[in-house]
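# Structural overview
Here are the chains, one letter per residue:
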Amino acid sequence: MRKFVKAGLAGLAALMLMTGCGAKEQTATPSDAESKAEGGEEASEEYIAEGSITLGEYKNLPVTVVNPTVSDEELQGRIDTVLGGYATWDAVDREAADGDRVKIDYKGLKDGEAFEGGTAEGYTLVLGSNTFIDGFEEGLIGVKAGEERDLNLTFPEDYQAEDLAGQDVVFEVKIHEVAEKHVPELTDEFVAESFPELGTVDAYKADLKQQMLDAKTMQSEQQRDAELLAAVVENSEIACATDEVNEVYDQQIQYYTSMAGMYGMGLADYAAMMGMDEDGFRTEVRKMSEQTVKQQMALMEIAKKEKLTVEDADREALAEEYKDAYESVDDMIEKAGAENVDNAILYDKAIQVVVDNADVTNVDGLAVAE
């Protein structure tokens with residue numbers, strides 16, 4: 001997440017700039033409502049109230065902020081992860097052990113017949129990764145390159161393929177290679193080769209620790225701003241216009257559908273990954289959409305009350321923050337829309353007013369997990 005959207009606004013700026021969602025004037029008039037009433041009947045108070053806001057207290061709001069720190073254990077954990085990315089696998093002439101990588105061909109048989117999805121050639125598997133069903137990886141402990149082994153296994157009762165759930169099968173496995181992992185040591189030589197701009201272990205550790213601290217600080221600020229904005233919304237009386245909620249909802253559903261499609265899934269599949277059915281997922285997205293509109297309305301009302309304005313320098317700063325997406329200010333305005341750009345800037349300025357006037361209690365500790 002880029003710096004501009006550090007404020008925990010449920011991604012308001014990003015949502016607007018990437019999808020073209022922007023707050024419109026939200027106040028409905030009686031004539032608006034009457035024109036929509038069926039059969040000339042007088043519009044209900046509920047409809048007239050849509051799109052209305054009475055802004056509540058947004059200054060002197062209490063919030064607790066945990067000052068982030070990075071422990072030696074966290075730093076070492078990140079270093080281990082980085083070094084793991086530079087690991088090499090070297091073939092060995094010995095029996096396979098837990099943690100080794102094997103290159104195998106395998107064929108799964110049920111009642112003597114190969115079953116769908118149970119055959120592969122040249123597959124690389126790290127023993128102990130729990131990639132396969134219970135017993136498969138354990139059954140390859142002790143094998144050597146060139147050997148063959150039959151594994152008599154049983155699929156779990158809750159296996160996703162119903163025709164295999166709870167079934168006894170045999171995997172015929174041929175081992176082509178056994179390799180062990182070699183992780184480099186963090187030395188000045190390693191740093192000089194991999195991170196020449198830093199050069200030494202001490203400089204690398206200091207730089208990595210600062211990166212981790214910066215990330216935690218940003219997350220802490222996002223949490224702070226999200227809590228303050230939630231309080232502003234809670235303190236206010238807000239009635240969302242249905243069409244505004246629908247607009248955000250439709251854009252979010254389109255986003256999740258497209259994202260799922262990138263992995264060959266439908267929206268129902270994506271919802272299942274989140275532990276919900278599609279209807280439940282859509283309900284949650286609608287709730288989030290309504291909350292987003294409320295946040296937009298509250299921030300825009302603060303911007304009006306504080307007489308906040310947008311300058312060319314603000315647009316230039318925003319374009320710089322989103323330089324990966326836009327080539328220039330003009331490109332950003334053309335693609336995202338001038339109103340959306342200016343609204344995004346006003347949202348950020350409005351939440352900063354809330355933050356600057358908040359009653360902040362700072363406490364020391366580890367702010368958030370990486």
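As shown above, the structure is provided for reference.
So, here's what we can say about the structure. (Residues numbered from 1 in each chain as written. Predicted model: local features only at pLDDT ≥ 70, side-chain atom pairs only at ≥ 80, totals over all residues. Heavy atoms only, no water.)

Once that is clear, we can look at the overall build of the chain. Counting secondary structure elements, the chain contains twelve helices and nine strands. Scored against the burial criterion, the 370 residues of the chain give a buried share of 36%. Counted over contacts in the chain with a minimum sequence separation of 6, partners at least 24 positions apart contribute 72%. Accessible area of the chain: about 21,000 Å², with a carbon and sulfur share of 46%. (Helix = DSSP H or I, 4+ residues; strand = E, 2+ residues; numbered from the N terminus. Buried < 20%, exposed > 50% of the residue type's maximum accessible area, 1.4 Å probe, protein only. Contact = heavy atoms within 4.5 Å. Areas by Shrake-Rupley, 256 points an atom, 1.4 Å probe, with all protein chains shown as cover.)

Turning next to helix α10 (residues 312-321). Among the residues of α10, those classed as buried are Asp314, Arg315, Leu318 and Ala319. Viewed end-on, α10 has its buried residues packed into an arc of 135°, placing them on one side of the element. Away from the buried face of α10 by more than 90 degrees, exposed residues Asp312 and Ala313 are located. (Arc of directions from axis to C-beta.)

Moving on: the pattern of salt bridges. The final tally for this structure, using the stated rule, is 14 salt bridges. Lysine 216 serves as the salt-bridge partner of glutamate 74, at 2.6 Å between the closest nitrogen and oxygen. With glutamate 74 in helix α4 (residues 72-85) and lysine 216 in helix α6 (residues 201-235), this residue pair connects regions lying 142 residues apart in the sequence. Residue classification places glutamate 74 among the partly exposed residues on the basis of a relative accessible area of 21%. A residue is classified by how much of its surface remains accessible, and lysine 216, at 0% relative accessible area, is buried. (Salt bridge = Lys/Arg side-chain N within 4 Å of Asp/Glu carboxyl O.)

With that out of the way, let us pick up the packing of aromatic side chains. A full pass over the atoms with the stated rule returns 19 aromatic pairs. With a centroid separation of 5.9 Å and an interplanar angle of 85°, the aromatic rings of phenylalanine 115 and phenylalanine 171 are classed as edge-to-face. Placement of phenylalanine 115 in strand β5 (residues 113-126) and of phenylalanine 171 in strand β7 (residues 168-182) is noted, with a sequence separation of 56 residues between them. Here phenylalanine 115 matches phenylalanine 171 in class, with each residue buried. Between phenylalanine 155 and phenylalanine 171 the ring centres are 6.4 Å apart and the planes differ by 50°, which places this aromatic pair in the tilted class. Here the residue phenylalanine 155 occupies a position in the loop between β6 (148-154) and β7, and phenylalanine 171 occupies one in strand β7, the gap between them amounting to 16 residues. Both residues of the pair, phenylalanine 155 and phenylalanine 171, belong to the buried class. Here the aromatic cluster, defined as three or more aromatic residues joined through ring pairs, consists of Tyr106, Phe115, Tyr123, Phe132, Phe136, Phe155, Tyr159 and Phe171. Arginine 286 extends its terminal NZ or CZ atom over the ring of tyrosine 249, reaching a point 4.1 Å from the ring centre. (Phe/Tyr/Trp six-rings, centres within 6.5 Å; stacked < 30°, edge-to-face > 60°. Lys NZ or Arg CZ within 6 Å of the ring centre and 35° of its normal.)

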